[in-house]
2 protein chains.
Amino acid sequence: MHVNNNEFELIELAFRQHVPHISANTSVTNGDDASVHRIPEGFEWVTSVDVSLAGVHWPDDFPLALAADRAVCAALSDLAAMGATATNVWVAAMATDASALNALGQGVADACNRHGVELSGGDTVKSSNNGLSVTVAGLIPNGDAMRRNQARVGESLWVVGLLGMSALSLEQWQLGQREAEQIRYFARIEPLLSQGVMLRQLGVRSCIDISDGLLQDAHHLAKASGCGLQISLESLPFWQSLSTALGHEKATKVLLSGGEDYALLFSAPTDLPGLEPLQAVKIGTVIEGAGIHVTFAEQTINIPTQGFDHFA
Amino acid sequence: MHVNNNEFELIELAFRQHVPHISANTSVTNGDDASVHRIPEGFEWVTSVDVSLAGVHWPDDFPLALAADRAVCAALSDLAAMGATATNVWVAAMATDASALNALGQGVADACNRHGVELSGGDTVKSSNNGLSVTVAGLIPNGDAMRRNQARVGESLWVVGLLGMSALSLEQWQLGQREAEQIRYFARIEPLLSQGVMLRQLGVRSCIDISDGLLQDAHHLAKASGCGLQISLESLPFWQSLSTALGHEKATKVLLSGGEDYALLFSAPTDLPGLEPLQAVKIGTVIEGAGIHVTFAEQTINIPTQGFDHFA
């Protein structure tokens, strides 16, 4: 880590003191050149990195502490998709000034403490823009990780969690709405960590988290698994009420392409025992071929691929 | 990871295809929600995160591929300081456009391939500034990590590697010098990974890499270990020739406060067998008390603390 005296104390002040939890697997944490972790026998170590920037992943006028909380939770969602138990977080914080750094630190601490994960290290740099790169890690029994490439023809396609709500919530923010109830789905991401573990324990082999919108992430699952996916629009969570409230076209758009809900998309046999407590919603079928086929009233509908391309 | 079709292909194009190496400990790599790693019995997993931004960690007109190479190597240096064997790298790339992303990808690949580490995943985002957050990981035998807090009074203080050369090299760049020989110490960081492993195997318990300048990092070592450090100016590597070439004042400044050389600073008994092949230079002694005491001709000299504080 690149720190000097003052910066070192700033990191302590902004980040470390707020996250008391130490993971059982940690030998050396925060404050050395690196952290050291002992992996229990029979387990593998699962890691992912996610970067989030002001103006890209959240509006410039969005509170930084909430933004940092979101950034950590978005990264943890990748562990949920693998079925891992989350244990450790490292944060590289880019901040315009010390006050921004403190706000980022508060949000990181809130997310870490809520999910019982350790803040194991990081780095800080003064930047023209605020942002965070979040590294997360966790444990999974040997060979049990849920993958993108294990969907099999004939399985059903399921969703746990909501779709489109974050996009609608963000729209409310952009319209000037500041009441917590109106913006809560954008302000607070809930990574479905316990649901991911339960799915893995039920024997689910193929899962992905929906960060870029259902169509995009379904496409990743289909491509990696070498199959196609059929999705029934009217089977999506809250289709009827959203369609009534927003109209058919907008409901279709937010459900299929609204990102950042961090629901879990997975495939499994239709009769898989034990799914009930998860409130999983069956939205379609894994089929031969390739691509995503969306149907409404059993007719295929034409949906232009939509999603967020940072470099388009 | 937040990727869509085009972005996914861009990552493949910019990063993955250039790093063929897969670590022996990897079960799932790049392309899923997270990577999965099996830790051999008797080993611990060592991780660190470093962020590097254009205009802060390298001049805005410095070639991006070289900058990305440096960023990866700077992060790997933290593993060297622990005595770990480097195995895996994850990169969160922030790029102003696709061409910048490609340059960053090339530099990341160069560094990974030179050091035989796997590129296990990452994320990309379009940004107003170019930069990278680099997460590195490696293996270390259980309980063997070299720490900052293990220096003991009476041990000698040693350096492996050069001091001040990166600062002088950067100065040449800023003066318009573009010949490889003049700027090589800034353009190419060599993390002292094999030296770190050798030090650990020799029984060295306390080590830190010098990223922010000798004084700053010596301060970290002293503070963590609860001791003081005495450093003899004239014992620093190439003191005599640098002093002759640059004058006493400037030589003092670059040797004590020039950062980014990524030498290793460690404490060990003066007669520790096996140090010779490492060309370690004895620069001082671990003493009772606190702080850094620099001497010249056996007289204590007063050195203002210098170092780079991102938030000063």
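Residues numbered from 1 in each chain as written. Chains lettered and ligands numbered in written order. Predicted model: local features only at pLDDT ≥ 70, side-chain atom pairs only at ≥ 80, totals over all residues. Heavy atoms only, no water.

Visitor: How do you make sense of the packing of aromatic side chains when you look at a structure like this?
Guide: Centre distance and the angle of the planes are the two values used to describe a pair of aromatic rings. Residues and elements named next belong to chain A. Tallying each qualifying case throughout the model produces 8 aromatic pairs over all chains. Between Trp158 and Phe266, the aromatic rings sit 6.2 Å apart at their centres with planes inclined by 10 degrees, giving stacked as the arrangement. Of this pair, Trp158 sits in strand E7 (residues 156-160) while Phe266 sits in strand E10 (residues 263-268); the two residues are 108 residues apart in sequence, bridging distant segments of the chain. The residues Trp158 and Phe266 share a single accessibility class, namely buried. Sitting above the plane of the Phe186 ring, Arg70 keeps its charged end 3.8 Å from the centroid. (Phe/Tyr/Trp six-rings, centres within 6.5 Å; stacked < 30°, edge-to-face > 60°. Helix = DSSP H or I, 4+ residues; strand = E, 2+ residues; numbered from the N terminus. Buried < 20%, exposed > 50% of the residue type's maximum accessible area, 1.4 Å probe, protein only. Lys NZ or Arg CZ within 6 Å of the ring centre and 35° of its normal.)

Visitor: Mind showing me how you'd approach the pattern of salt bridges here?
Guide: Taken as a whole and assessed by the stated rule, the structure comprises 20 salt bridges over all chains. Of the charged contacts in the structure, one is a salt bridge between B:Glu44 and A:Arg38, with a shortest N-O distance of 3.0 Å. Taken together, the residues B:Glu44 in strand E3 (residues 43-53) and A:Arg38 in the loop between strand E2 (35-37) and strand E3 (43-53) connect one chain to another. Assessed through its relative accessible area of 1%, B:Glu44 is described here as buried. Residue A:Arg38 is classed as partly exposed on the basis of its relative accessible area, which comes to 40%. Here B:Lys250 and B:Glu171 are joined by a salt bridge, their closest N and O atoms 2.7 Å apart. Here B:Lys250, found in helix H9 (residues 248-257), pairs with B:Glu171, found in helix H4 (residues 165-174); they are 79 residues apart in sequence, far enough to count as distant. Under the relative-accessibility criterion, B:Lys250 is labelled partly exposed at 29%. When salt bridges that share partners are traced, they join A:Asp32, A:Asp33, B:Arg147 and B:Arg148 into one network. (Salt bridge = Lys/Arg side-chain N within 4 Å of Asp/Glu carboxyl O.)

Visitor: Would you mind showing me how to read the sheet that holds strand E6 (residues 131-141) of chain A here?
Guide: Across a sheet, strands are paired by hydrogen bonds formed along the backbone, either parallel or antiparallel in direction. With mixed pairing, 6 strands are arranged side by side in an open sheet as E5(A)-E4(A)-E6(A)-E3(A)-E2(B)-E1(B). The open sheet terminates on both sides in strands that have one partner only, identified here as strand E5 (118-126) of chain A together with strand E1 (26-28) of chain B. The mean angle between the axes of side-by-side strands here comes to 20 degrees, regardless of whether they run parallel or antiparallel. Strand contacts of helix H2 (residues 64-82) of chain A: E3, strand E4 (85-95) and E6 of chain A together with strand E2 (35-37) of chain B, with the helix running at about 30 degrees to E6(A), the strand carrying the most contacts. Helix H3 (residues 98-115) of chain A contacts E4, E5 and E6 of chain A of the sheet and is inclined by roughly 170 degrees relative to E4(A). (Pairing = 2+ DSSP bridges. Axes fitted to C-alpha atoms, helices over the stretch in contact; angles between N-to-C directions. Contact = heavy atoms within 4.5 Å.)

Visitor: Any chance you could explain the side chain of A:Asp69 here in plain terms?
Guide: Residue and element names in this part refer to chain A. Residue placement: Asp69 occurs in helix H2. On the accessibility criterion, Asp69 (2% relative accessible area) is buried. Sequence-distant contacts of Asp69, that is, excluding residues within four places in its chain, are made with Gly107, Val108, Asp110, Ala111, Arg114 and Arg188.

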